[in-house]
Every structure is written in C-alpha cells, then in structure tokens.
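Examination of the molecular architecture
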Amino acid sequence: MSQHTLGEFEELVLLMVASQHDDAYGVSILAGLEKDLGKSLNISAVHVALKRMEDKGYVKSRFGGITEDRGGRRKKFYMVTALGKKMLDVQFELRNAIYKRIPKITFG
Amino acid sequence: MQPPGKIIQFLRWFCREDYIEEIEGDLVEVFKKDYATSPRKAHAKFALSVIRYVRPQFIKRLKISESSTTGMYSNYLKVGWRSLIRNGGYSVINITGLAIGMTIAILNGVWIWHEFSFNKYHDNYERIAQVGETGLDPERNGTFLGTTMTYPLATELIGNYRQQFKRISRASSSFQGDKILAAGETKILSPGLYTDPDMLAMLSLKMLSGNWSALSEKHSIVIAQSVADALFGTQDPINEVITLDNRSEVMVTGVFEDLPQNTEFERMKFFAPWSLFLEENPWIEKRALNDWRNHFIKIFVEIPEGKTFDEVIPQIKGALQFAPEDIEGARARKQELTLYAMSDWHLYPPNLRGSQMQPILMLKMVGAIGFFVLVLACINFINLSTARAEKRAKEVGIRKTIGSGRGQLVSHFFYESFLVVIFAFLAAVALSLLAMPAFSSIASQNIEIPWGNPWFWAACLAFIVVTSLLAGSYPAIHLSSFNPVRALKGNGRAGRGASLPRRMLVVFQFSISVVLTISTVVVFKQIQFAKNRPVGYDRQGLIMMPKRSDAFKGKYEILRNELKRTGTVSEVSESMGPATEIYSGNNGWDWKGRNPDYDESFATLSVSHLHGKTIGWKIIQGRDFDPDIPADSLGIVINESALAIMGLNAPIGEPVSWTWWVDKSKVFNYTILGVVEDMVMESPYLPAEPTIFFIKGHNGSPSWLNVRIRPDVALADALPKVESVFRKIVPSVPFQFSFADDQYAKKFGKEETMGKLASIFAALAILISCLGLLGLASYVTETRTKEIGVRKVLGATVIRLWRMLSSDFVWLVLIACCAAAPIAWYLMSNWLANFPYRTDLSAWVFLVTVIGAVVVTFGTVSYQAIRTALMNPVNCLRTE
C-alpha cells in the first residue's frame, strides 16, 4: 500500500474515469467533476492528476479520432486499469469499514 | 472564435511534444465552450490555463535541444585525447616545450609585476615625492637630479610654501650608518630615519600600537615589529626605554609593521623625531641652518588630493636659493627645484653612470626574452602539429566528406591546441613553483607568485587563450584546408612548397637561440674581463668596519696594538670610507703647469699611517708615508690617474696646493711623496678615479677601520680573536664588519644576475629548439621511409643516408646562424659600449657558438636519421 498513493483529487478523477467508462477524456472528466462537485475547476488540474496516475499505472490512455471542435487535435481517452480499479476498491472498503464503526448517534 | 494564436504558440514552444496533442485539444474545447457564454472571460481563462502548464511535468527536456553540440565537443575531446595518447612521443615533446616556454613567461611576468609593485604599499603612493634639484649635466650630456638638500631649503618650504603640500617631512638617516639600539643588555644594530612627525602618516605605516602622531615628543621612537621582538620579546614595548648609540635615551611610542621588501624604506627599522637628530648633531644648529651649500638632508612631501606634481612644481620653484658664490654656476646649469615622484624611485633612479643599466631597460629585456622564448615554444607546437597533419589528413578528409564545415574543423583544431595548452599550463605552474626560489635568488629579489591576486589569474587566462590561438592558428588553418578527395586518396601531401614555412620557422627559432647564446657568452666574457682587472690592492683577508660610535674615540692605538698582539693581524689602519669605495672628492687643486681653465676634481681620502701596508697598495715611484718623519703630515700620495692628469714628469717632491672652497684664505701646501698604482675602488668597469691620499689629522676624519689578517692564518681562527679584542675595547659596539673581497664582488651583482639569467634562458631556448628539431626530424624521416627503403635496396650505405637526412637540418641551422650573427653583434656591441673598461667582441665567440649549434643539431637529428637508415628495407617497402 505504501508505494501506491492516491490523493483526494486524484481519487475523484479516477472515479470519474471509471464511471465514464471508455468515454473519459480531459474535457468530459472536467465537466463531470464540475457538475458533481458544483464548482468550477481548471482543466490543467485534471491533466496533472491524469498524468500522475498514468505514471503510477492507475489509468491507461489511447488517442481517439479528430474532432472539429478541438482545432484539429485528437481526443485522448482514459480507462481505469486493474490496478486503478483495485485502488478504488481498497479506498472504498477502507472508508466504508471505518464509516460503519461510527456509533448511531443523531445530531441535534 | 479562435483562441489567441500567440498563446498557443507559446504553449507549443514549452510543452512536451507527446502531451501537446491532448492538452491543446482539451484547452481549445474548453475555450470554445466558455466563448459561448463570455468571449472576454474565455480569453482570460485560456491564457491563465496555459500559464498553469508551465511546470516541470509539462516542460520540454532542455537537454534534448542541446545534445548535438555537447556531443560534438565531447567527440573533439575524445579525438584530441586519443591523438595525444597515440603520438605519445610528439605529445611529450610538444607539452614539454610549451611548458618550459610558459614557465619562463610566468616567471618573467611575475618578476616584472614585482618590480612595478614597488612602493605601492604606501597608500599615498601616487602623491608622495622627494624634493630634488635638477639641472644640466654637461658630463653626461643630460640632466642631473640631486635629492640631498640643504637645511635652509627645508625651512623655506615648511615656512613659506607649506600650503602647497598636504604633508612635508625632513628626513635623514644617521651619519654614522646603522644605529645601536639597546634595551638593557640587548643590543642590536639597525638602520632608521630621523623625521618630522608627518612622515608616519605620509608613508601610511601600519601601526601595530601607537598611532601616526607618535613622534611628536622629542625623546620618542617608533620601531618596527622585528626590532620590538628582538629587543623586548613578548613584552609590550610601549613606554619602554631604548638607548641610541649609547647616548640618547628614547621612549618607544609606537610599533609599526615591518615594511615589505618591495618598498624604498624597507631597511628602515625605526623612526625617530627630527628634534632628536638636531640634538645629536649640534653642528647643524651652529653652522648649517643658513648654509645654502651644505646638502645633507632629504625632504619628502605629499601633495594634496587632486593636484599633480606638474601643478605643484612651478609653485615651489621660488624656494630654492643659492649661496652667492654658487649663483653663477647654478644659472649656467639651469639648476631648479623639482619633485621626484615616488613612482619613479625604483624604476627610474637618477644620475646613472654609463655602465649602469636603467632598471626599466632590464625589465624590458626580461619581458622581451620571456616573450621570445614563448614564441619559440609556440613555433614548436606549430611545426609539430603541421608535421603530424599528414597523419591526420584522412581524418580531415572523412570529416569533410561527412559534412564538417571548414569552420568546424578550425574550431576542432583550436580545441585540441587548447587541450595541449591547458596541460602545458598546469605543468608550467608546477614548474614555476619549483623554480621560484632559485629564480628569486638569482634576481636577488624576494619574488612571490601572487596567488591571491585576481589579476594574476586573469593574466593566466588571457595567456592560455592567446597561446592556444597563437599555437593553434597555423595548424587549424592549414589542416582544415585539405581537399578531401586528395586527402582520402592518400596523397594529401602538398608539394615541396608546403615545408617552406616550417623551415622558415626552424630558422627563426634557431636565430633566436643563437642570438641568446652569443649574448650570454659575451656577458660572461665581459664580467670575467672586469674580474680579471688588476685592482691595485689586496682584497683577500681584509676586514673593513665603520667606526659607528663615539666609543672608538681615542681607542685607535690601543685597538691596533691589541689586534697585532693576537698574532693574527698583520696591520691595522684608518681610512675615510672603505677600501672598495670613494667617500669624498674635492676640487680647488693647483700644481705646476696646471691648465688654469679647468678645475680638476680629485678623490681625496685621508688615511692613517700604514694604510698602504694594510690594504697592500703598490708604490711605483717615491715612498709611502713614514710615521717617523713629522713633515709627512703635509705629504700626499697620488695614484697613476692623478699623475696623468697633473702631467708631471718627476712628481716626487713636487708641491701641490689646495684651496678650501668654504674659506678661500685657507690654502694647504702639500708635497708629493709617492705614486701608487691605480686602485679599483669604485666600479670595475670605469677608469680609476684620480685620487690623492693624505695623512689624517687636518682634512676630514677617517671613519673606517681596516684590519689585515695575516695571510698564513686561517680566517676562521683569526675572526674570534679579532672579535674578542673589539669586545674588550669597545664593548658597547656590536662587532659588525665586511670583507673587502665580498664588497668588491658585489660590484658585479647586476651584470652577474643578467649573465645568469641570460644563460638559463639561452639554455632553455636551445632545449626548446632542439625538441622541435627532434620532432621535425622524426616526422621527415617517417615520411621518407619508402624512399630510404628504395635507396637501401639500390645500395646506399648507412653513412650516406645519415648524411642525407641530417644535412637538410644542418643547412637550416647554418642559415639561422648567418641571420643571428649580425643581430647579436649589433646588440652586444651596443651593450659593451656602456662599459669604458670592456672586452672585445672577438670572432671566436661567434665561431664557437655556430659550431656548437651545428654539433647540437647533428646530435639531435642523428638519432632519428641513423635509426631510419638502419631499418630493414623490406619492412618499409612492404607496407602497401
């Protein structure tokens, strides 16, 4: 676990990549996050996280076709890898397990 | 609705190529979405987003864009290094030659630097001067400069011209030479200056204790650190009492850091107040205060900031006055006041006699020699690299074929020469370090390499660059000019003309070496000639000693008797000045048949009886002074030169009279008793001065003692006995003396320095030239191996081959000798013309040098020639 780290924002990006299965690229991830989080983000932040996770082996990428919208540039699609998926599972389990230990208390 | 092109360009410029596709695409997409809501905001956001990508993760690797040139340089380095290693012999010759040349250049450069650094220790270096009198000097067809001034002049300058100077100080060393400084039982002899209080501040002495106003009290003294250590050890010297010459008691009020060796006042170990000087020399206040003839003090001034000497000099000219009887002569000589700047003291000493060399001239020579030896070494480098070019023709051909431009090849060869020069420079620095002690002892200077000085390093750097450019220029241009087709076909060798520049360089090299060699021989010949000159007295075992203290008064007879009683001393005498110098001269002499238009000056020395016996002069006519004849007190002994000037046929018994210039009514009438052989008391290169000796008692007092050790007693045995006598009779005076032969030998100092340096430089120049010749010879024989093989097959003998291979070089050297001989002759006859007593430029010097050069050439070349000639022809003919 120690060599596999996942930051908070990275986790969100990774979740988004997994949820948009096979259709996740920079702008779509940005749009999804902005919608779910309800605040505006900068595309560069998404790119930084994607590149880091690609280096760590949590996501892999492929180029798509050329689109008019993008000034002739191709899209780069991201997919979650097995390792990435496992990281998400581990994170989820961990949080869930701890969450379950919270006593049933109602707050005011 | 396109995003701004400039910003995209910027993004493409810095962003990694493999990321640009995705990042640019996403950015454009976001921009377009934003543009729909607010175009202005979209632009701003786009620019901001781009800037956010400027982070290491997304920036191109800088290395990638530069790697091609680094690779090229490392390739140059590799190729250069390989060719150095492969041609080990050449490289050693090359680097050695260059290193020797650079060592000499460094040493000479440091020496020149040292000479120019003189007196710069003083903060006010540029504004300090000595007051002097200048005027025409018909004897030397130039001007003279006197810096010993009269007392009233100083009074005048201080009284009426004080505002022209920031500081002014009179100064005089003690007339008796070094002073005896005593603290309790500890006594030392040291030289010092009596000055006005301003002097300390003027010289900006570094005070270790006390301050610059330490000389305001009459009985005070400021001493050097070394003196303080010697007298008081670790004790604090301040307020301690020192007795000067067993007479005046003074209190230490300051200690200064010893002046460094490259200052004029280096020897001065104490400064005492001027008022004390007046007290110790009461005659000054009695007789000298208004005497415009008696020159005996020095005056130092510091001009205010922002003024130049040229501005100040006209302002102070009016201070100079003359005694009425001198006015006419002074006007004829256009005598006037001047300021002799401190910056000139060391390199431009005044009143040099013909045979004395201007220090600046000596420095120019040193510089020129350093430069020439360096040029020799560079020529070596050029010769060897061009010779090696044949071997590298193929490399050049391939490089050109692959696409090297000429500029690249040129820079490649410069790079290689730079590599060699760096090696040579490192070796040269090591060599200079090793040679420095020996070198500074020859130059009799305390020279050090100024490691801490940034200018030194700047000079070294400049020096490396210049040398690599100088040494690398010809190879770079020559080698890069090869035609690749011819070079690759294997006959890139140019025709006969190609070796011409190389030959010319060899001739040039040997010309310089031969000139240096001939000059060295001539310098030594001149020194030897002067050393062999008959001196007219016996220098061996003659001890000379100044009578430094009043303690000697009335002790002469008892000293003499005691010394003779030790059995080691044959005779003792007193004289005015030591036997190796002339301390006094006078005009006003008259004799029978004198040319009334000309008032000859004679050296006039008063001596005790038996002085002649003590120093061993040789009487050629008449007799010595006789203690038993009272009338001899008015007798004189003259030397041959004096006799020649007087022109008397039968000098013995002739009357000679002398009128004292101070008081014309005082006329002394002498009789010539004897004539002695000329004695060389001053410069051994000058004719002997006409000299008159008289018996002490009425004209000047003899201030020196001469002690003749018996020739059959060893000096080592005699000295302790002599010393014990002195300790007993004049216990207050430290026993310090000099040997006549030492003092005489010192007269050759400058010339010997020059001779030694010239011989070292000449030897090294020859060595460098021979190294070059060796390399060249091996190259020539290598290129001719096939020819030699054929010749051998056809029946040539080893001797013939050897002759054939060597004669080329011998011719070159002979041509060099022919070119060098007239140059050397011209230079050396000019140099010798400085010496009235000089050797001649005989033909054998030239002949021997030429023969020597040819022999050395043969020796150098023969090794290669014979080796090649002995080779089996099969080996070299089979190479194809």
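Numbers given for residues are sequential positions, taken from 1 along each chain in its written order. Each chain gets a letter, beginning with A, and each ligand a number, beginning with 1, in the order they are written. With the structure being a predicted model, the display of local features is reserved for residues of pLDDT at least 70 and the display and counting of side-chain atom pairs for 80 or more, all residues being used for whole-chain, interface and lining totals. Hydrogen atoms and water are omitted, and side-chain values are computed over all heavy atoms in the structure.

Our next topic: the overall build of chain B. Numbering of helices and strands starts at the N terminus; helices are DSSP runs of H or I of at least 4 residues and strands are runs of E of at least 2. For chain B, the count of helices and strands is 28 helices and 26 strands. The burial tally for chain B puts 50% of its 880 residues in the buried class. Sequence separation of 24 or more characterises 79% of the internal contacts of chain B that already satisfy a separation of 6 or more. With the model as given, the accessible surface of chain B reaches about 41500 Å², and the carbon-plus-sulfur share is 59%. Classification of residues uses two cut-offs on accessible area relative to the type maximum, computed with a 1.4 Å probe and protein chains only: under 20% is buried, over 50% is exposed, and between them is partly exposed. Only heavy atoms enter the contact rule, under which two residues are in contact if any of them lie within 4.5 Å. All accessibility values rest on the Shrake-Rupley procedure with a 1.4 Å probe; residue burial counts only the protein chains present in the view.

Residues and elements named next belong to chain B. Two rings from Phe, Tyr or Trp (for Trp, the six-membered ring) form a pair when their centres sit within 6.5 Å of each other. Planes less than 30 degrees apart are called stacked, planes more than 60 degrees apart edge-to-face, and all others tilted. If you walk through the whole model with that rule in mind, you get 40 aromatic pairs over all chains. With 5.7 Å between their ring centres and 65° between their planes, Tyr19 and Phe58 make a pair best called edge-to-face. Of this pair, Tyr19 sits in helix H2 (residues 17-37) while Phe58 sits in the loop between helix H3 (39-52) and helix H4 (62-86), and the two are 39 residues apart along the sequence. Side by side, Tyr19 and Phe58 carry an identical accessibility label, which is buried. Centre to centre, the rings of Tyr151 and Phe296 are 6.3 Å apart; their planes meet at 15°, and the pair counts as stacked. Of this pair, Tyr151 sits in helix H6 (residues 151-160) while Phe296 sits in strand S13 (residues 295-302), and the two are 145 residues apart along the sequence. Classification of Tyr151 as buried rests on a relative accessible area of 5%. Overall, the relative accessible area of 10% leaves Phe296 in the buried class. Among the aromatic residues, those joined into a ring-pair cluster are Tyr151, Tyr194, Phe270, Trp274, Phe277, Trp283 and Phe296. The residue whose ring lies beneath Lys206 is Tyr121, and the NZ or CZ to ring-centre distance is 4.1 Å. The rule for a charge over a ring is simple: NZ of Lys or CZ of Arg within 6 Å of the ring centre, and within 35 degrees of the ring normal.

Chain B puts 23 residues into the contact, and the matching count from chain A is 25 residues. It is Glu21, Glu22 and Glu29 of chain B in chain B that bury the most area against chain A; as a group they hold 31% of the surface buried on that side. We count a salt bridge whenever a side-chain nitrogen from Lys or Arg sits within 4 Å of a carboxyl oxygen from Asp or Glu. Linking chain B with chain A are 4 salt bridges, by the criterion used here. One salt bridge connects Glu24 of chain B with Arg73 of chain A, and the closest N-O pair in it is separated by 2.6 Å. By buried area we mean the combined loss of accessible area, with a 1.4 Å probe, across both parts when two parts are placed together.

All right, on to the sheet that holds strand S2 (residues 59-66) of chain A then. Residue and element names in this part refer to chain A. Strands pair, by our definition, only if DSSP identifies at least two bridges between them. Read from one edge to the other, the open sheet built from 3 strands follows the order S1-S3-S2, with strand pairing classed as antiparallel. Two strands in the sheet have a free side with no partner beyond their single neighbour: strand S1 (24-25) and S2. Here S1 pairs with strand S3 (residues 74-80) via 2 bridges, running antiparallel. Opposite Ala24, over in S3, you have Tyr78 as the bridge partner. Axes here refer to lines fitted to C-alpha atoms; in helices the fit is confined to the stretch in contact. Angles between the N-to-C directions go from 0 to 180 degrees. Where helix H1 (residues 8-19) meets the sheet, its contacts fall on S1, S2 and S3, and the angle it forms with S3 comes to roughly 100°.

The next point concerns the environment of Tyr25 of chain A. Summarising the element assignment, Tyr25 of chain A is placed in strand S1. Here Tyr25 of chain A falls in the buried class, since its relative accessible area comes to 8%. Not counting the four nearest positions on each side in its chain, Tyr25 of chain A is found in contact with Arg70, Lys75, Lys76 and Phe77 of chain A together with Asp26 and Glu29 of chain B.

All names here are of chain B. Secondary-structure assignment places Lys756 in helix H24 (residues 749-783). Spatially, the C-alpha atom of Lys756 lies 9.1 Å from that of Ala443, the residues being 313 residues apart in sequence. Not counting the four nearest positions on each side in its chain, Lys756 is found in contact with Ile442 and Phe524.

Attention now moves to empty space enclosed by the protein. All names here are of chain B. In the cavity and pocket records, a cavity denotes points on a 1 Å grid over the protein atoms alone where a 1.4 Å probe fits but cannot get out, a pocket denotes an open set with protein on both sides within 12 Å along at least 5 of 7 lines, and lining residues are residues with an atom within 4 Å of a point. Grid points are joined across faces, edges and corners, and a volume is the space filled by probe spheres set on the points. Summed over all chains, the structure comprises 5 cavities of 30 Å³ or more. Considered as a void within the structure, the largest cavity measures approximately 190 Å³ in volume. For the lining of the largest cavity, the elements supplying multiple residues, two or more each, are H4, helix H5 (88-116), helix H14 (359-402), helix H15 (406-442) and helix H16 (454-480). Split into classes, the residues belonging to the lining of the largest cavity amount to 8 nonpolar, 6 polar and 3 charged. Polar here means any residue other than Ala, Val, Leu, Ile, Met, Phe, Trp, Tyr, Cys and Pro, which are nonpolar, and Asp, Glu, Lys and Arg, which are charged; Gly is therefore polar.

Before going further, it helps to spend a moment on the packing of helix H2 (residues 26-37) of chain A against helix H3 (residues 43-56) of chain A. Residue and element names in this part refer to chain A. Packing of H2 against H3 brings their axes to within 10 Å, and their N-to-C directions diverge by 115°. Considering their axes alone, H2 and H3 lie roughly perpendicular with respect to each other. In this structure, the crossing between H2 and H3 has a hand that is right-handed. On the side of H2, the interface is formed by Gly26, Val27, Ile29 and Leu30, while H3 contributes Ile43, Val46, His47 and Leu50. In the contact of H2 with H3, the residues fall into 6 nonpolar, 2 polar and no charged. For classification, angles of less than 35 degrees are called roughly parallel, those exceeding 145 degrees roughly antiparallel, those between 65 and 115 degrees roughly perpendicular, and all remaining angles oblique. The handedness criterion is simple: a crossing whose near helix is rotated anticlockwise from the far helix by less than a right angle is left-handed, and one whose near helix is rotated clockwise is right-handed.

Let's shift gears to H16 of chain B. Residue and element names in this part refer to chain B. Taking 1.5 Å as the rise per residue, H16 with 27 residues should run 39 Å; its terminal C-alpha atoms sit 37 Å apart, in good agreement. Axes are fitted to the seven residues ending at a residue and to the seven starting at it; the angle between these axes is taken as the bend at that residue. Residue Gly472 marks the point of greatest curvature in H16, where the axis turns by about 45°; the proline Pro475 follows within four residues. For H16, the side-chain oxygen to backbone nitrogen distance between the N-cap and Trp455 is 2.8 Å, and the N-cap itself is Asn453. In a helix, the anticipated span is given by 1.5 Å times the number of residues less one. For the purposes of these results, a polar contact is taken to be a pair of N or O atoms within 3.5 Å, where, inside protein, one atom must be able to donate a hydrogen and its partner to accept one; residues adjacent in sequence count only when each atom of the pair is a side-chain atom.

Here we come to the state of the cysteines. Note that a disulfide, as used here, is simply two cysteine sulfur atoms within 2.5 Å. Counted under the stated rule, the structure contains 0 disulfides over all chains. Looking at Cys818 of chain B, it has no disulfide partner, and the nearest cysteine sulfur is the one in Cys817 of chain B, 6.9 Å off.

Before going further, it helps to spend a moment on the confidence of the model for chain A. For chain A, the mean per-residue pLDDT works out to 87, and 95% of the residues sit at or above 70. Values of pLDDT, the confidence the predictor places in each residue, fall between 0 and 100. When pLDDT is averaged over each element of chain A, H1 of chain A comes out on top at 92 and S2 of chain A at the bottom at 86.

Residues and elements named next belong to chain B. Packing of helix H18 (residues 500-531) against H24 leaves a shortest axis separation of 8 Å and a crossing angle of 155°. In this view, H18 runs roughly antiparallel relative to H24, as classed from their interaxial angle. You can see that H18 and H24 cross each other, and the crossing is left-handed. Among the residues making up the contact of H18 with H24, the classes are represented as 16 nonpolar, 7 polar and 5 charged.

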